[in-house]
Number of protein chains: 2
Amino acid sequence: MGELVFVGLGLFDEKDITLKGLDAARAADSVFAEFYTSSLRGTTVATLELMIGKAIRSLTRKDIEQGSEILDAARRGSVALLIPGDPMSATTHVALRLRAIDAGIETRIVHGPSIVSAAAGVLGLQSYKFGRATTVPFTGDTFRPASPLDVIEENRKRGLHTLVLLDLTEGGEFLTAGKAIEYLLELAAERKSDAFTADTLACVLGQVGSDRPRVAAGRAKDLVSRDLGRPLHCVIIPGELHFMEKEALVKLAGLPPGH
Amino acid sequence: MGELVFVGLGLFDEKDITLKGLDAARAADSVFAEFYTSSLRGTTVATLELMIGKAIRSLTRKDIEQGSEILDAARRGSVALLIPGDPMSATTHVALRLRAIDAGIETRIVHGPSIVSAAAGVLGLQSYKFGRATTVPFTGDTFRPASPLDVIEENRKRGLHTLVLLDLTEGGEFLTAGKAIEYLLELAAERKSDAFTADTLACVLGQVGSDRPRVAAGRAKDLVSRDLGRPLHCVIIPGELHFMEKEALVKLAGLPPGH
């Protein structure tokens, strides 16, 4: 009976995997990957295949949900499933792990860097001051969820920061920080919320995990058109700032000192 | 003018560093490390030195706060500072980075796996359902902070999970999950809180980042004496559980199905 190892790829390129993760991928009889929960923007599957020395079979969300191909391979031998960031952040990963356990397959996680801690670190914000995180999805005329603004309001009431992750599609579309802030401002205007306005302090991040992340802090309205390079982007709406957090936003993200 | 690179070491042993982090350490003119914010329990400094091929100078909290030794080295050349987990989680790291910037030194972060995302992943809990995290310190007759219980109560009111990190000393003492739960139960009894009782569902974790983390889920009182191996340990107090989160706790952490 084989083994299924969930391997985190980290944030940006092929060198954000850990030594343990690379060992697990190289030792596996077959290597799969999924890029629908996130994406490594600084590399390609071909580069990962060269580094690992094996072909990588990229799976869609449907493949992972259906699961038979990867579970069959894990019954026959050892399988590594490469996942951007830190594995198990999506329910589909957990569901797959539980099905593997039900099938008597050994499972193991090799952790990787996650945007959840990296985004705070890049800006010098303290992780214990973050409330729950939220995600802004692609919206339409009929699909306009208010939950991201609800989470920001709930956190700000308590002086807590909010990490706002941005949706992507399997087709390769990535929501930008600017579009997400525009949407949050629309929601806030519709409900006349003062928890998030054009003048609210916000932070935008791009290229996190690269040698030169692009970050900016300032009034929400001033960040809508900020160039962060190609996505992935994310947004942080700070709560109350410790003086050192404020100094960090000034020196690391160009926050106007008087803000 | 040199560079100061903050390199995350990840969770457990010398193989939890990323390829990018290892490159940065090997390329640096001098390599420092700190182990007062956390610790790599699965390896030694000597093993890290062999892997990197350089001597590592371990710094105390006082050294990092004082900062002159590492900043002087970064003025002369390139410096890597190795930090367990994902860097910048401590204010002392951020303060050092800001001082380096003031001194005209280039700074960069190489991210590593963090307990903040790993603890949730190991148990199959959804990261977006976590409220703010808290830390249980070593307490004494006069030092008995109530803030950890406050955070748990605030999160549970909203159905959110709480990650409870555990303090360590530079002398090498590590608070255990059992002691932390005992302390939380004492606090809850003193304030007659029903947010955390002997029967409250809790999860305890040890050896996270190793091939075989030790985890358990059950009533708080049943976990006090659970053997998790040598620390680092941490604790999660779940809020409302999605059915798949509950199934995960049953299959991954031995939660009694009826709980």
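Residues numbered from 1 in each chain as written. Chains lettered and ligands numbered in written order. Predicted model: local features only at pLDDT ≥ 70, side-chain atom pairs only at ≥ 80, totals over all residues. Heavy atoms only, no water.

**Considering the interface of chain A and chain B**
The interface of chain A with chain B comprises 59 residues on the first partner and 59 residues on the second. Taking both partners together, chain A and chain B bury about 4800 Å²; carbon and sulfur atoms supply 58% of that area. At the boundary of chain A with chain B, the tally comes to 14 salt bridges. Residues Lys20(A) and Asp16(B) are paired through a salt bridge, measuring 2.9 Å at the closest nitrogen-oxygen approach. (Contact = heavy atoms within 4.5 Å. Buried area = accessible area lost by both parts, 1.4 Å probe. Salt bridge = Lys/Arg side-chain N within 4 Å of Asp/Glu carboxyl O.)

**Observations regarding the side chain of Ser78(A)**
Residues and elements named next belong to chain A. Considering the arrangement of structural elements, one finds Ser78 in strand E4 (residues 78–83). Overall, the relative accessible area of 18% leaves Ser78 in the buried class. Leaving out residues up to four positions away in the same chain, Ser78 has contacts with Glu3, Ala27, Ala28, Asp29 and Ser30. (Helix = DSSP H or I, 4+ residues; strand = E, 2+ residues; numbered from the N terminus. Buried < 20%, exposed > 50% of the residue type's maximum accessible area, 1.4 Å probe, protein only.)

**A few points about the packing of aromatic side chains**
Counted according to the given criterion, the structure contains zero aromatic pairs over all chains. Note that Arg41(A) overlies the ring of Phe174(A), its terminal NZ or CZ placed 4.0 Å from the centroid. (Phe/Tyr/Trp six-rings, centres within 6.5 Å; stacked < 30°, edge-to-face > 60°. Lys NZ or Arg CZ within 6 Å of the ring centre and 35° of its normal.)

**Here we look at the pairing of strand E2 (residues 30–34) of chain A**
Residues and elements named next belong to chain A. For E2, the tally of buried residues reaches four of five residues, placing the bulk of the element in the interior. Relative to E4, E2 runs parallel, the two being bridged by four bridges. Looking at the pairing, Val31 lines up with Ala80 of E4. Note: E2 against strand E3 (residues 56–59), four bridges, orientation parallel. From the neighbouring strand, Phe32 faces E3, where its bridge partner is Arg57. For the crossover from E2 across helix H2 (residues 45–52) to E3, the handedness is right-handed. (Pairing = 2+ DSSP bridges. Right-handed = clockwise from strand over helix to strand, strands pointing away.)

**A closer look at the environment of Phe174(A)**
Residue and element names in this part refer to chain A. Along the chain, Phe174 falls in the loop between strand E7 (162–166) and helix H8 (177–190). Put simply, Phe174 and Arg41 are 133 residues apart on the chain and 11 Å apart in space, counted from C-alpha to C-alpha. Beyond its immediate stretch of four places on either side in the chain, Phe174 contacts Ser39, Arg41, Phe138, Asp167, Leu168, Pro231 and Leu232.

**With respect to the sheet that holds strand E2 (residues 30–34) of chain B**
In a beta sheet, neighbouring strands pair by backbone hydrogen bonds and run either parallel or antiparallel. All names here are of chain B. An order of E3-E2-E4-E1-E5 is seen for the five strands of this open sheet, with the pairing classed as parallel. Two strands close off the open sheet at either side, each with one partner strand: strand E3 (56–59) and strand E5 (106–110). Taken pair by pair, the neighbouring strands of this sheet meet at an average axis angle of 25°, ignoring direction. On top of the sheet, helix H5 (residues 91–102) reaches strand E1 (3–8), E2, strand E4 (78–83) and E5; it is set at about 160° to E1, its chief contact. (Axes fitted to C-alpha atoms, helices over the stretch in contact; angles between N-to-C directions.)

**Observations regarding the pattern of salt bridges**
In the structure shown here, the tally under the stated rule is 42 salt bridges over all chains. A salt bridge links Arg158(A) to Glu154(B), with the shortest nitrogen-to-oxygen separation between them at 4.0 Å. A residue pair is termed interchain when its members come from two chains, as with Arg158(A) in the loop between helix H7 (147–157) and E7 and Glu154(B) in helix H7 (residues 147–157). Of the charged contacts, one joins Asp199(B) and Lys221(B) as a salt bridge, the two residues approaching to 3.2 Å between their closest N and O atoms. Placement of Asp199(B) in the loop between helix H8 (177–190) and strand E8 (201–206) and of Lys221(B) in helix H9 (residues 220–223) is noted, with a sequence separation of 22 residues between them. Three or more residues are tied together by salt bridges with common partners; here these are Asp199(A), Arg219(A), Lys221(A) and Asp222(A).

**Quick look at the relation of the copies chain A and chain B**
Expressed as a screw transformation, the operator carrying chain A onto chain B has a rotation angle of 180° and an axial translation of 0.0 Å, and the superposed copies differ by an RMSD of 0.0 Å. When the rotation and shift are considered jointly, the pair of chain copies conforms to a two-fold rotation axis. A share of 100% of the interface residues of chain A reappears at the interface of chain B, consistent with the copies meeting face to face through the same patch. (Least-squares fit on C-alpha atoms with pLDDT ≥ 70 in both.)

**Points about the side chain of Ser193(A)**
Residues and elements named next belong to chain A. By the element assignment, Ser193 lies in the loop between H8 and strand E8 (201–206). Of note is the side chain of Ser193, whose polar atom sits 2.4 Å from the side chain of Glu153. Contact partners of Ser193, with chain neighbours within four places excluded, come to Leu149, Glu153 and Ala188. (Polar contact = N/O pair within 3.5 Å; in protein donor to acceptor, adjacent residues only side chain to side chain.)

**Quick look at unusual backbone geometry**
The peptide bond linking Pro231(A) to Leu232(A) adopts the cis configuration, its omega dihedral lying at 15°. On the secondary structure map, Leu232(A) appears in the loop between helix H9 (220–223) and strand E10 (233–237). Phi is positive for Lys192(A), close to 50°, though the residue is something other than glycine. For Lys192(A), a relative accessible area of 74% translates into the label exposed. With phi around 60°, Gln207(B) is a residue other than glycine that occupies positive phi space. Looking at the secondary structure, you find Gln207(B) in the loop between E8 and strand E9 (214–219).

**Let's talk about the nonpolar core**
With 38 residues, the main nonpolar core has Val7(A), Leu82(A), Val7(B) and Leu82(B) as its most contacted residues. The residues contacting Val7(B), other than those within four sequence positions of it, are Ile17(B), Gly21(B), Ala24(B), Ala80(B), Leu81(B), Leu82(B), Ile83(B), Pro87(B) and Val110(B). (Core = buried A, V, L, I, M, F, W, Y, C linked by side-chain atoms within 4.5 Å.)

**Looking at the environment of Asp16(A)**
Within the secondary structure, Asp16(A) is located in the loop between strand E1 (3–8) and helix H1 (19–27). Residue Asp16(A) is classed as buried on the basis of its relative accessible area of 4%. When the C-alpha atoms of Asp16(A) and Ser114(A) are compared, they prove to be 10 Å apart, with 98 residues separating the residues in sequence. Aside from chain neighbours lying at most four places away, what touches Asp16(A) is Leu9(A), Gly10(A), Leu11(A), Pro113(A), Gly209(A), Thr18(B) and Lys20(B). Among the polar contacts made by the side chain of Asp16(A), one reaches the main-chain amide nitrogen of Asp13(A) at a distance of 3.0 Å.

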